[in-house]
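Spelled out, the chains give:
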Amino acid sequence: FCCFPWILLAQVANRMNLNWLGHWVSPNTPRRSLSRDTFTNVFLVFATYFTVVGVIITMLANMGEEFDSFQTFYLISALVIMSILLCVYSFILMVRTRTSIRESYGIPGTTFNDCVVIVCCRPCALSQMA
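Anyway, here's the lowdown on the structure attached to this text. Along every chain, residues carry numbers that run from 1 in the direction the sequence is written. Per-residue local features of the predicted model are confined to residues with pLDDT of at least 70, and side-chain atom pairs are confined, for both listing and counting, to 80 or more; whole-chain, interface and lining totals are unaffected and use all residues. Calculated side-chain values reflect all of the structure's heavy atoms, with hydrogen atoms and water omitted.

## Examining the packing of helix H4 (residues 69-104) against helix H6 (residues 122-129)
- To obtain an axis, a line is fitted to C-alpha atoms, over the contacting stretch when the element is a helix, and the angle between two such axes runs from 0 to 180 degrees between their N-to-C directions. Strands here are runs of E lasting at least two residues and helices are runs of H or I lasting at least four, both read from the DSSP assignment and numbered beginning at the N terminus. Between H4 and H6, the least distance of the axes is 11 Å, while the angle of their chain directions is 40°. Relative to H6, H4 is oriented oblique. In this structure, H4 meets H6 at a crossing whose hand is left-handed. For the pair H4 and H6, the contacting residues are Ser90, Phe91, Met94, Thr97, Arg98 and Ile101 in the first and Arg122, Ala125, Leu126, Gln128 and Met129 in the second. By definition in this entry, angles of less than 35 degrees are roughly parallel, angles greater than 145 are roughly antiparallel, angles of 65 to 115 are roughly perpendicular, and the rest are oblique. For any helix crossing, the convention is left-handed if the near helix is rotated counterclockwise from the far helix by under a right angle, and right-handed if that rotation is clockwise. Contacts are assigned to residue pairs that have any heavy atoms within 4.5 Å of one another.

## Description of unusual backbone geometry
- One non-glycine residue, Asn17, lies in the positive phi region at around 60°.
- With respect to the element layout, Asn17 can be found in the loop between helix H1 (4-15) and helix H2 (33-36).
- Each residue's exposure class comes from its accessible area (1.4 Å probe, protein chains only) as a fraction of the maximum for that residue type: buried when under 20%, exposed when over 50%, partly exposed otherwise. A relative accessible area of 17% means that Asn17 is categorised as buried.

## Notes on the packing of helix H5 (residues 111-120) against H6
- Running from N to C, H5 and H6 cross one another at 120°; their axes reach a closest spacing of 5 Å. What the angle tells us is that H5 and H6 run oblique. Residue-level contacts link Val117, Ile118 and Cys120 of H5 to Arg122, Ala125 and Gln128 of H6.
- Residues were grouped as follows: Ala, Val, Leu, Ile, Met, Phe, Trp, Tyr, Cys and Pro as nonpolar; Asp, Glu, Lys and Arg as charged; and all remaining residues, including Gly, as polar. Across the contact of H5 with H6, the residue classes break down as 4 nonpolar, 1 polar and 1 charged.

## Comments concerning H6
- By the burial criterion, the buried members of H6 are Ala125, Leu126 and Met129. Projection of H6 onto a plane perpendicular to its axis shows the buried side chains occupying an angular sector of 100°, all on one side. H6 presents Pro123, Ser127 and Gln128 as exposed residues on the side facing more than 90 degrees away from its buried surface.
- In this structure, the buried side of H6 is in contact with H1, H4 and H5. An arc is given here, and it is the one of the directions from the helix axis to the C-beta atoms.

## Considering the state of the cysteines
- The disulfide definition used here is simple: a pair of cysteine sulfur atoms within 2.5 Å. Applying the stated criterion across every chain, the model contains 1 disulfide.
- There is a disulfide in this structure between Cys121 and Cys124, and the S-S distance comes to 2.4 Å. Looking down the S-S bond of the Cys121 and Cys124 bridge, the torsion is 55°, so its handedness is right-handed.
- Of the residues examined, Cys121 reaches a relative accessible area of 26% and is grouped as partly exposed.
- Accessibility expressed as a relative area gives 37% for Cys124, which makes it partly exposed.
- Not part of a disulfide, Cys120 finds its nearest cysteine sulfur in Cys121, a span of 8.2 Å.

Interpretation in functional terms is not warranted from these geometric data alone.
What follows is the structure, encoded as structure tokens:
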């Protein structure tokens, strides 16, 4: 699991004037800085995820003989929940970014088609957006 696709996604969203939730920010609004901070915010979301996952895996690896099934259950549950939340976040951001690109450049298609492309081949969808 490499972080480079997420960096590319953040860069594309930033170029399309989208905030870190994938909503378009008008150039005329005084809060234009929201789109400028998109790259930083998206990068921080993924960096935080990878850092916390690293800490959890280290804690699990260092348990050794002090094996506690409840603590292990909670750590693995936290890992699974965080992974699911990150997948949902990245999927929503990719759909919104891809839809914004399609609408901005008049490319035919639907949001459903965007979802199918992202689910079937995420690297292909990212390369098309770049």
